[in-house]
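# Structural features, examined
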Amino acid sequence: MKLFGGIEAGGTKFICIVSSGPDKIMAETRFPTTTPEKTLQQVVNFFQEQSVKQEEPISAIGIGCFGPVDLDPASPTFGFITLTPKPGWSNTDMVGTIRKAMDLPVVIDTDVNAAAVGEWTWGAGKDLNDFIYLTIGTGIGGGGVINGKTLHGLVHPEMGHMRIPHDWQVDPFIGTCPYHGDCFEGLAAGPTIKARWGQAGETLPVDHPAWNLEAKYIALAVQNLVCILSPKRVILGGGVMQQSNLLPLIRKNVSDYLNNYVQSPAILNDIDHYIVAPELGNQAGVMGAIALAQRLVGYY
Ligand code: ADP
Ligand code: ZN
């Protein structure tokens, strides 16, 4: 049984594990994200300690990282967090720092792509080579697997910043995105719900009008993704999706918006299995980092 290291590098906290799969977590630690120097030192300390403690060596380390991240292997800043609004973190060499300290193969992807790879390996994306993973939390992020590879391009997808129709009569709220105001994230991320209604999502009753509006915005974004990328499944995660009445509302709206245009039985007859929750729950990110490490060394 080979062991791997996984890092979920978030803007507020880091989670590191040593594992060989979802039911085999040998060690775990979590700590708040402070300065890059201190935080990455904590990461390295954990894996160095674990390399001594565990009976098996760690074969590779995967990182699911908050962005923007340079994912182009040919770029001189490959594996760096590039220009980020998070103070102190711009131009942080994530891959190089950990590779140098651990002398191990290290792989990086966006936090959402990592979560998608977790679901691909052990969850709701199993056996699918084309699916999308959207997380609706503090921000909105999207990634996924298309043609059997995680979605990259010029940089990486920024699905949270797509434009969706905004009816100012129905919803006069200006949006919270510092770059675009009323992009998808600006209209529908967790903090937006609080800013619009004066109360965090977790405290709003199920019959509150917030949920119909939220389901509408998420469904509009999902319709765009279905039409652009033709995914075989759409996985919706993140804190806001814990509102359990959202998923059925989103499915109904997507179905209405598509209006029978996309002729696939997966959508027409079985939308409950087409738009789904992540099976790994809040473990998707860190398990995805493990799966990335496994795939890097040809274990999958
Ligand atoms: P992050 O995106 O920082 O990783 P989460 O995915 O947990 O964190 O998302 C946090 C957001 O989810 C917060 O804005 C919070 O208000 C919202 N949230 C958490 N639980 C619920 C809930 N039950 N219903 C609606 N919103 C929720
Ligand atoms: Zn935006």
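Residues numbered from 1 in each chain as written. Chains lettered and ligands numbered in written order. Predicted model: local features only at pLDDT ≥ 70, side-chain atom pairs only at ≥ 80, totals over all residues. Heavy atoms only, no water.

## Points about the coordination of the zinc ion (ligand 2)
For the zinc ion (ligand 2), the protein coordination sphere consists of His 161 (ND1), Cys 177 (SG), His 180 (ND1) and Cys 183 (SG), at 2.1 to 2.4 Å. Read N to C, the donor residues that coordinate the zinc ion (ligand 2) are spaced as H-x15-C-x2-H-x2-C. Taken as a pair, His 161 in the loop between strand 10 (149-150) and helix 4 (184-188) and Cys 183 in the loop between strand 10 and helix 4 lie far apart in primary sequence, 22 residues in all. His 161 sits in the partly exposed class, given a relative accessible area of 24%. Here Cys 183 falls in the buried class, since its relative accessible area comes to 0%. (Donors = N, O, S within 2.8 Å, 3.2 Å for Na, K, Ca; no water. Helix = DSSP H or I, 4+ residues; strand = E, 2+ residues; numbered from the N terminus. Buried < 20%, exposed > 50% of the residue type's maximum accessible area, 1.4 Å probe, protein only.)

## Comments concerning the pairing of strand 4 (residues 58-65)
Within strand 4, 7 of the 8 residues are buried, which leaves the element mostly enclosed by the surrounding structure. Where strand 1 (residues 3-9) lies against strand 4, 6 bridges are found, and the strand directions are parallel. Each residue of the ladder has a partner; that of Glu 8, found in strand 4, is Gly 64. Across 5 bridges, the pairing between strand 4 and strand 7 (residues 106-110) is parallel. Across the sheet, Cys 65 pairs through a bridge with Thr 110, a residue of strand 7. (Pairing = 2+ DSSP bridges.)

## Things to note about the nonpolar core
Core analysis: the biggest nonpolar cluster contains 40 residues, and Phe 184, Val 222, Leu 236, Ile 250 and Ile 275 have the highest contact counts within it. Elements supplying a minimum of two residues to this core: strand 8 (131-136), strand 9 (140-146), helix 4, helix 6 (209-229), strand 11 (234-237) and helix 7 (246-258). Broken down by element, the residue count for this core peaks at 12 residues, all from helix 6. Among residues more than four places away in sequence, those in contact with Leu 236 are Leu 134, Ile 136, Ile 218, Val 222, Met 241, Leu 247, Ile 250, Ile 275, Val 276, Ala 277 and Pro 278. (Core = buried A, V, L, I, M, F, W, Y, C linked by side-chain atoms within 4.5 Å. Contact = heavy atoms within 4.5 Å.)

## Side note on the side chain of Thr 39
Tracing the backbone through its elements, the reader meets Thr 39 in helix 1 (residues 36-53). By relative accessible area, which is 0% here, Thr 39 ends up buried. Here Thr 39 is in contact with Phe 14, Phe 31, Pro 32, Thr 33, Thr 34 and Trp 89, once residues within four sequence places are set aside.

## Description of the pattern of salt bridges
Taken as a whole and assessed by the stated rule, the structure comprises 6 salt bridges. In this structure, Glu 28 engages Arg 30 in a salt bridge whose closest nitrogen and oxygen atoms are separated by 2.8 Å. (Salt bridge = Lys/Arg side-chain N within 4 Å of Asp/Glu carboxyl O.)

## Focus on the site of ligand 1
Around ligand 1 sit Gly 137, Thr 138, Gly 190, Pro 191, Gly 201, Glu 202, Trp 211, Gly 238, Gly 239, Val 240, Gln 242 and Gln 243, and that is every residue in its neighbourhood. In the environment of ligand 1, an oxygen atom lies 2.8 Å from a nitrogen or oxygen atom belonging to the backbone of Gly 239. Between ligand 1 and Gln 243, the relevant distance is 3.5 Å, taken from a nitrogen atom to a side-chain nitrogen or oxygen of the residue. Classifying every residue of the shell around ligand 1 gives 3 nonpolar, 8 polar and 1 charged. (Near = heavy atom within 4 Å. Polar contact = N/O pair within 3.5 Å; in protein donor to acceptor, adjacent residues only side chain to side chain. Nonpolar A, V, L, I, M, F, W, Y, C, P; charged D, E, K, R; others polar.)

## Some points on the sheet that holds strand 10
The mixed open sheet is built from 5 strands, whose spatial order is 10-9-8-11-12. Edge positions in the sheet fall to strand 10 and strand 12 (275-276), since each of these pairs with one other strand and no more. Of the strand pairs in this sheet, strand 9 and strand 10 are connected by 2 bridges, and their pairing is antiparallel. Across the sheet, the residue bridging to Val 145 is Thr 150, located in strand 10. Running over the sheet, helix 6 touches strand 8, strand 9, strand 11 and strand 12 and is turned about 155 degrees from strand 8. (Axes fitted to C-alpha atoms, helices over the stretch in contact; angles between N-to-C directions.)

## Topic: the packing of aromatic side chains
This structure, assessed with the given rule, holds 5 aromatic pairs. Centre to centre, the rings of Phe 4 and Tyr 299 are 5.2 Å apart; their planes meet at 55 degrees, and the pair counts as tilted. With Phe 4 in strand 1 and Tyr 299 in the segment after helix 9 (284-296), the pair connects residues that are 295 residues apart, well separated along the chain. Relative accessible area serves as the criterion here: at 0%, Phe 4 is assigned to the buried category. Centre to centre, the rings of Phe 46 and Phe 47 are 5.1 Å apart; their planes meet at 70 degrees, and the pair counts as edge-to-face. Put simply, the rings of Phe 14, Phe 31, Phe 66 and Trp 89 touch in pairs and so form one group of aromatic residues. (Phe/Tyr/Trp six-rings, centres within 6.5 Å; stacked < 30°, edge-to-face > 60°.)

## Quick word on unusual backbone geometry
Going from Gly 67 to Pro 68, the amide bond is cis rather than trans, its omega being 0 degrees. Tracing the sequence through the fold places Pro 68 in the loop between strand 4 and strand 5 (80-81). Even without being glycine, Asp 103 reaches a positive phi, approximately 55 degrees. One non-glycine residue, Asn 260, lies in positive phi territory at about 65 degrees. Here Asn 260 is to be found in the loop between helix 7 and helix 8 (265-268).

By themselves, these figures tell us nothing about what the structure is for.
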